[in-house]
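# What the coordinates show
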Amino acid sequence: MLGFKEIKNGLLVSLWFVFLTFPLMVVKVDPVERIVSWRWENSIYVAIGTFVIYCVVKIIMQHRTGNAAVEKEAEQEKESIIHRVLASPKQKYTLIALLLAVAIAFPQFSSSYQTNVMTTALMYVVLGLGLNIVVGMAGLLDLGYVAFYAVGAYTYALLNHHFDLGFWAVLPIGGGMAAIFGILLGFMIVTIFIVNRLQDSRLGRAWIALREDEIACQAMGIDKRRTKLVAFALGAFWAGIIGVVFAAKTTFINPASFTFLESAIILAIVVLGGMGSIVGVILGALILILLPEYLRALSEYRMLAFGAILVAMMVFRPRGLISNIRRTYHSDKKFHPPIQH
Amino acid sequence: MATPILQISGLTMDFGGIRALNRLDLDVHAGEIVALIGPNGAGKTTFFNCLTGIYTPTAGEILLTPPGSARSVSLKGLKPNQVTEKGLARTFQNIRLFSQMTVLENVMIGRHCRTKAFILGAVFRNAATRREEREIVEMSYAILDKVGLAHLANEFARNLPYGAQRRLEIARALATEPFLLLLDEPAAGMNPQETQDLDRLIKEISTDGHSILLIEHDMKLVMSLSDRIFVMDYGKKIAQGKPAEIRSNPAVIKAYLGEDVDA
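Residues numbered from 1 in each chain as written. Chains lettered and ligands numbered in written order. Predicted model: local features only at pLDDT ≥ 70, side-chain atom pairs only at ≥ 80, totals over all residues. Heavy atoms only, no water.

## Comments concerning the overall build of chain B
- Assigned secondary structure in chain B consists of 10 helices and 10 strands.
- Each of the three principal axes of chain B carries a C-alpha extent, and together these read 70 × 40 × 40 Å.
- Across the 263 residues of chain B, 54% fall into the buried class.
- A separation of at least 24 residues holds for 68% of the contacts in chain B among residues at least 6 apart in sequence.
- Summed over all atoms, the accessible surface of chain B reaches about 11100 Å², with 51% contributed by carbon and sulfur. (Helix = DSSP H or I, 4+ residues; strand = E, 2+ residues; numbered from the N terminus. Buried < 20%, exposed > 50% of the residue type's maximum accessible area, 1.4 Å probe, protein only. Contact = heavy atoms within 4.5 Å. Areas by Shrake-Rupley, 256 points an atom, 1.4 Å probe, with all protein chains shown as cover.)

Structural data, given as structure tokens:
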């Protein structure tokens, strides 16, 4: 249970929160009537609420450390189920086929709103996977990723506007949402395929080595500048493609669509999902894009809840949802441990 | 006598007003094991960094001549990766492995500069790329076997015991196919058993045809391994010669033990 020290800390934290939320919760200014009302009772609610949450979290944390060994084992078990499924090609392809079937059937059986939401989610999956090359594998912080997305979108929009390049233009009207969804699904699969292959290639290894230790990497004969540039270029490539899809889908773009916040969200997808892990990034994109959408039922509180979930994720799984696994290789020959002299 | 594979003349390195290396001359011949010793702060690691392109020396010349070749190349001003391509590889005093990668992958990184698959090869995995990957894996396994780590190939590098990590650094450097291997304090932090194994490993590598230049503080190891020894102090060369000559050189003893000791 909680000791005196925790309770004291809890009280201090409550006081701090009362202070922080003071302008929001206590002071209420009515600009029309020109009166200020002081709602002191709110500060008491804030204090009690904060204290309760603090205590609950502390008790949960104590419980967790108490069962740390058990938890860890369970976690490993959980991880290994995902990894095991991915490791066995047969199970992996069954899983992929299953997901594919669900995805293809999805637009037929759901409303256009649902399809639209899913389309957005898939766009972010591809964006996340693209940025994963830059941030997750090569370890380069890219806060302006959305610029490449904008380049793609504007390229398409301008070409379409001035030269009337038709095929894509017909899509949003004629083919409808399902068509875009299908195309995106195709893109996503191609992206996953390519990113997966890159990861275990000579180039992918060089990126990861560069992320781990630049000096050692150079000393091993890897051209730092060239390798980094290729990572940036390949990451930007996917953003450009999705930019085109985005412009075609919304049929309207302006600079407000490509703000820093977009870059930050895509970065959050990569970091939350698990840097360098493809499955992690896909999950991260789905969670980060679908969650705010389905939390709409909570109306004003949805962004608050979203923020809370992000914070909780960082506390409980700082390395991302799914940690990256490295490929193992085997030799044709058998090797035994050397005999100790 | 044949041209030395490494010929360094007048190598000088200034950091602001401090002269870390002062007109240093050094040479390594094919098949030799040469040691570079000196008290802490003498400039040994700076010397390695100048050689491998991490620093660009202020003055002097570094010439590399592949064994059996008549053409020398200057290493001065080359980038670290270009130096490695020329056939000179190194290990680090403070271990710098790629800890999130497997042991085998660490060695496979060393093959990077001797292979060439790129984006298209990675995506399409054509026959040439697959063959190249196969060769990388087999060769990396063979090198790991040489240093006695093949059975740990698929462990993460960070999970290896200390001595094994040092041997992995050597394996990684060997994978770049160097004719000259630079070892920066390979025995640092090793226990006597591990040092003994290292002694044997370095001799084996030498027998395989690699020339070796090493920095080391463990005098027993240095005396056992080296054909010739260079001694540095305050950025200058103070002595050079065979192990027996160095052992009784008054200047060396003075540098290590201080002024008042009789030689």
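Picking up where we left off.
## Overview of helix α6 (residues 162-174) of chain B
- Here α6 of chain B spans 19 Å end to end across 13 residues, near enough to the 18 Å set by a 1.5 Å rise per residue.
- Burial analysis of α6 of chain B places 11 of its 13 residues in the buried class, the great majority of the element.
- On its buried face, α6 of chain B sits against α10 (214-219) of chain A together with β6 (88-90), α3 (103-110), α5 (127-146), β7 (180-184) and α7 (192-207) of chain B. (Expected span 1.5 Å × (residues − 1).)

## Points about the interface of chain A and chain B
- Contacts between chain A and chain B engage 43 residues on the former and 49 residues on the latter.
- For the pairing of chain A and chain B, the buried interface totals around 4200 Å² over both sides, and the portion due to carbon and sulfur atoms is 59%.
- Taken together, the connections running from chain A to chain B amount to 3 salt bridges.
- With its nearest N and O atoms 2.8 Å apart, the salt bridge here joins R96 of chain B to D213 of chain A. (Buried area = accessible area lost by both parts, 1.4 Å probe. Salt bridge = Lys/Arg side-chain N within 4 Å of Asp/Glu carboxyl O.)

## Some details on the pairing of strand β1 (residues 27-30) of chain A
All names here are of chain A.
- When β1 meets strand β2 (residues 35-38), the two strands line up antiparallel, connected through 4 bridges. If you follow V29 over to β2, its bridge partner there is V36.
- Counted between consecutive antiparallel strands, the loop separating β1 from β2 contains 4 residues, among which R34 sits at a positive phi close to 60°. (Pairing = 2+ DSSP bridges.)

## Examining the sheet that holds strand β9 (residues 228-233) of chain B
All names here are of chain B.
- Taken together, the 6 strands give an open sheet; going across it, the order is β6-β7-β8-β3-β9-β10, and neighbouring strands pair in mixed fashion. Of all the strands in the sheet, just β6 and β10 (236-241) have a single pairing partner and so form its edges. Between one strand and the next, the sheet's axes are offset by a mean angle of 20°, whatever the strand orientation.
- As defined by bridge partners, β9 adjoins β10 across 5 bridges and the pair is classed as antiparallel. Its bridge partner lying in β10, M232 is registered against K237.
- Sheet contacts for α7: β3 (33-37), β7 and β8 (211-215); angle to β8, the most-contacted strand, approximately 150°.
- Contacting β3, β9 and β10, helix α10 (residues 250-257) runs over the sheet at an angle of about 130° to β10. (Axes fitted to C-alpha atoms, helices over the stretch in contact; angles between N-to-C directions.)

## Topic: the packing of α3 of chain B against α5 of chain B
Residue and element names in this part refer to chain B.
- At a minimum axis distance of 9 Å, the contact between α3 and α5 shows a crossing angle of 115°. The orientation of α3 with respect to α5, classified from their angle, is roughly perpendicular. Considering the relative orientation of α3 and α5, their crossing is right-handed. Residues V103, L104, V107 and M108 of α3 touch α5, and the partners they reach there are E133, I136, V137, S140, Y141, I143 and L144.
- Counted by class, the contact of α3 with α5 contains 9 nonpolar, 1 polar and 1 charged residues. (Parallel < 35°, antiparallel > 145°, perpendicular 65-115°, else oblique. Left-handed = near helix turned anticlockwise from the far one by under 90°. Nonpolar A, V, L, I, M, F, W, Y, C, P; charged D, E, K, R; others polar.)

## Quick word on the domain arrangement of chain B
Residue and element names in this part refer to chain B.
- Per the domain assignment, the segments making up chain B are domain 1 (1-87 + 178-262) and domain 2 (96-177).
- Distance from the C-alpha centre of domain 1 to the C-alpha centre of domain 2: 26 Å.
- Every contact between the two is made by 20 residues of domain 1 and, on the other side, 13 residues of domain 2.
- Carbon and sulfur atoms make up 68% of the surface buried where domain 1 meets domain 2, a total of about 1300 Å² over both sides.
- For the interface between domain 1 and domain 2, the tally reads 2 salt bridges.
- Note that K146 is salt-bridged to D208, the shortest N-O span being 3.0 Å.
- Seen at the junction of domain 1 and domain 2, the total is 5 residue pairs in polar contact (both at pLDDT 80 or more).
- Only α2 (80-86), β7 and α7 provide two or more residues apiece to the side of domain 1 that touches domain 2.
- Take the side of domain 1 that touches domain 2: its biggest share by element is 5 residues, from α7.
- Residue composition of the side of domain 1 that touches domain 2, by class: 10 nonpolar, 4 polar and 6 charged. (Domains from an automatic or database assignment. Polar contact = N/O pair within 3.5 Å; in protein donor to acceptor, adjacent residues only side chain to side chain.)

## Section: the pattern of salt bridges
- Inspection of every chain in the model, using the stated rule, returns 17 salt bridges over all chains.
- The salt bridge partner of R228 of chain B is E32 of chain B, with a shortest N-O separation of 2.7 Å. Here R228 of chain B is found in strand β9, whereas its partner E32 of chain B is found in the loop between β2 (18-28) and β3, with 196 residues between them in sequence. An identical accessibility class is assigned to R228 of chain B and E32 of chain B; each is buried.
- Salt bridges sharing partners connect three or more residues here, namely E214, K224 and K228 of chain A.

## Brief notes about unusual backbone geometry
Residues and elements named next belong to chain B.
- Even without a glycine there, the phi angle at R125 is positive, about 45°.
- Its place among the elements puts R125 in the loop between α4 (119-124) and α5.
- With phi around 45°, Y234 is a residue other than glycine that occupies positive phi space.
- On the basis of relative accessibility, which here comes to 70%, the residue Y234 falls in the exposed class.

## Points about the environment of K86 of chain B
All names here are of chain B.
- Examined against the element boundaries, K86 turns out to sit in helix α2.
- For K86, a relative accessible area of 37% gives the class partly exposed.
- C-alpha of K86 to C-alpha of P39: the two residues are 47 residues apart in sequence and 30 Å apart in space.
- Non-local contacts of K86, meaning those with residues more than four positions away in its chain, are made with L64, V73, L75, L78 and F179.

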